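# Coordinate analysis (summary)
Residue strings, one per chain:
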Amino acid sequence: MATVDECRVALRKLGEQFDELDKESRSRHVVDRSISCHISDLGVTFYGRIHHGGLGPFDDLPPGDAKTANVKLTIGSDDLIALVNGELDMGRAVFGGRVKIDASFGDLMRLRKLL
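Predicted model, so just to flag it, every value in this text is computed and none were measured. Throughout, residues of each chain are indexed from 1 in the direction in which the sequence is written. Owing to the predicted nature of the model, reporting of local features is limited to residues with pLDDT of at least 70; listing and counting of side-chain atom pairs is limited to 80 or more, with chain, interface and lining totals taken over all residues. Hydrogens and waters are ignored; side-chain quantities use all the structure's heavy atoms.

### Digging into the overall build of the protein chain
Within the protein chain, the secondary structure is distributed over 5 helices and 5 strands. Its helices and strands in sequence order give the protein chain the pattern α-α-β-β-β-β-α-α-β-α, from N to C terminus. When the backbone C-alpha atoms are referred to their principal axes, the protein chain occupies close to 35 × 35 × 25 Å. Only protein chains enter the area calculation, which uses a 1.4 Å probe; residues under 20% of their type maximum are buried, those over 50% are exposed, and those in between are partly exposed. Taken across its 115 residues, the protein chain has 37% of its residues classed as buried. Whether two residues are in contact is decided by their heavy atoms, any of which lying within 4.5 Å being enough. For the protein chain, restricting intrachain contacts to residue pairs at least 6 apart in sequence, the fraction spanning at least 24 positions comes to 61%. Note on areas: these come from Shrake-Rupley sampling with a 1.4 Å probe, and a residue is covered only by the protein chains present in the view. Of the accessible surface of the protein chain, which amounts to about 6,900 Å², a share of 52% is contributed by carbon and sulfur atoms. Positive residues here are Lys and Arg, negative ones are Asp and Glu, while His and the chain termini are left out of the count. Charge placement uses NZ in Lys and CZ in Arg. For Asp and Glu, CG and CD serve respectively. Side chains of the protein chain give 16 positive and 18 negative charges; the mean places of these two sets differ by 7 Å. Helix and strand assignments come from DSSP, with helices taken as H or I runs of at least 4 residues and strands as E runs of at least 2, each series counted from the N terminus.

### Topic: the nonpolar core
Nonpolar cores are built from buried Ala, Val, Leu, Ile, Met, Phe, Trp, Tyr and Cys residues. Side-chain atoms within 4.5 Å join them into one set. Core analysis: the largest hydrophobic core is formed by 25 residues, its most contacted members being Ile-39, Phe-46, Ile-50, Ile-75 and Leu-80. Elements represented by at least two residues in this core include exactly α1 (4–19), β1 (33–39), β2 (44–51), β4 (71–75), α3 (77–84) and α4 (90–95). Contacts of Ile-39, omitting those with residues within four sequence positions, involve Cys-7, Val-44, Phe-46, Ile-75, Gly-76, Ser-77 and Leu-80.

### Focus: the side chain of Ser-77
Note that Ser-77 resides in helix α3. Taking relative accessible area as the criterion, Ser-77 reaches 0% and is therefore assigned buried. Of note is the side chain of Ser-77, whose polar atom sits 3.1 Å from the backbone nitrogen of Ala-2. With sequence-adjacent residues up to four places away left out, Ser-77 is seen in contact with Met-1, Ala-2, Cys-7, Ile-39, Asp-41 and Leu-42. For this analysis, a polar contact is any N or O atom pair within 3.5 Å, provided that within protein one partner can donate a hydrogen and the other can accept it, and provided that sequence-adjacent residues contribute only side-chain to side-chain pairs.

### Considering the pattern of salt bridges
For this analysis, a salt bridge means a side-chain nitrogen from Lys or Arg found within 4 Å of a carboxyl oxygen belonging to Asp or Glu. This model, assessed by the stated rule, comprises 5 salt bridges. For Arg-98, the salt bridge goes to Asp-79, with nearest N and O atoms at 2.6 Å. One end of the pair, Arg-98, is in the loop between α4 and β5 (99–102); the other, Asp-79, is in helix α3, with 19 residues separating them in the sequence. Judged by its relative accessible area of 42%, Arg-98 falls in the partly exposed class. When salt bridges that share partners are traced, they join Asp-5, Arg-8 and Asp-60 into one network.

### Regarding the packing of α1 against α3
Only the contacting stretch of a helix is used when fitting its axis, a line to C-alpha atoms as for every element, and angles between N-to-C directions run 0 to 180 degrees. Packing of α1 against α3 leaves a shortest axis separation of 9 Å and a crossing angle of 30°. The angle between the axes of α1 and α3 places the two elements in the roughly parallel class. The way α1 lies across α3 gives a crossing that is left-handed. On α3, the residues touching Glu-6, Cys-7, Ala-10, Leu-11, Lys-13, Leu-14 and Gln-17 of α1 are Ser-77, Leu-80, Ile-81 and Val-84. Residue polarity follows a fixed list, in which Ala, Val, Leu, Ile, Met, Phe, Trp, Tyr, Cys and Pro are nonpolar, Asp, Glu, Lys and Arg are charged, and the others, Gly among them, are polar. A breakdown of the residues in the contact of α1 with α3 according to their chemical character gives 7 nonpolar, 2 polar and 2 charged. What sets the label is the angle itself: under 35 degrees gives roughly parallel, over 145 gives roughly antiparallel, 65 to 115 gives roughly perpendicular, and the rest give oblique. Each crossing gets its hand from how the near helix is turned against the far one by less than a right angle, where anticlockwise is left-handed and clockwise is right-handed.

Given below as structure tokens:
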């Protein structure tokens, strides 16, 4: 099991990877959305935003009411690390039940294009 600090580093790295996306993809598929990422085995939730300028930063404190996050991810700590390191495919993780995403259909389609 990864630690909370390792998950923070992974989310920071995910933000850096997102920064590498070309501007055309961002302008076509990114809509400003709040995100919560619940690490199920650690019982901690991180909060951030996805927007044209990037992803994150993620914080431990919810911005107001956490239930208002547009996109809610639930993932195990080791799976988060593997996903960010390219060792776990997002599609397979979702369909295999290792990652749960609670979002509107439109947001799911946009995220699919970015991941």
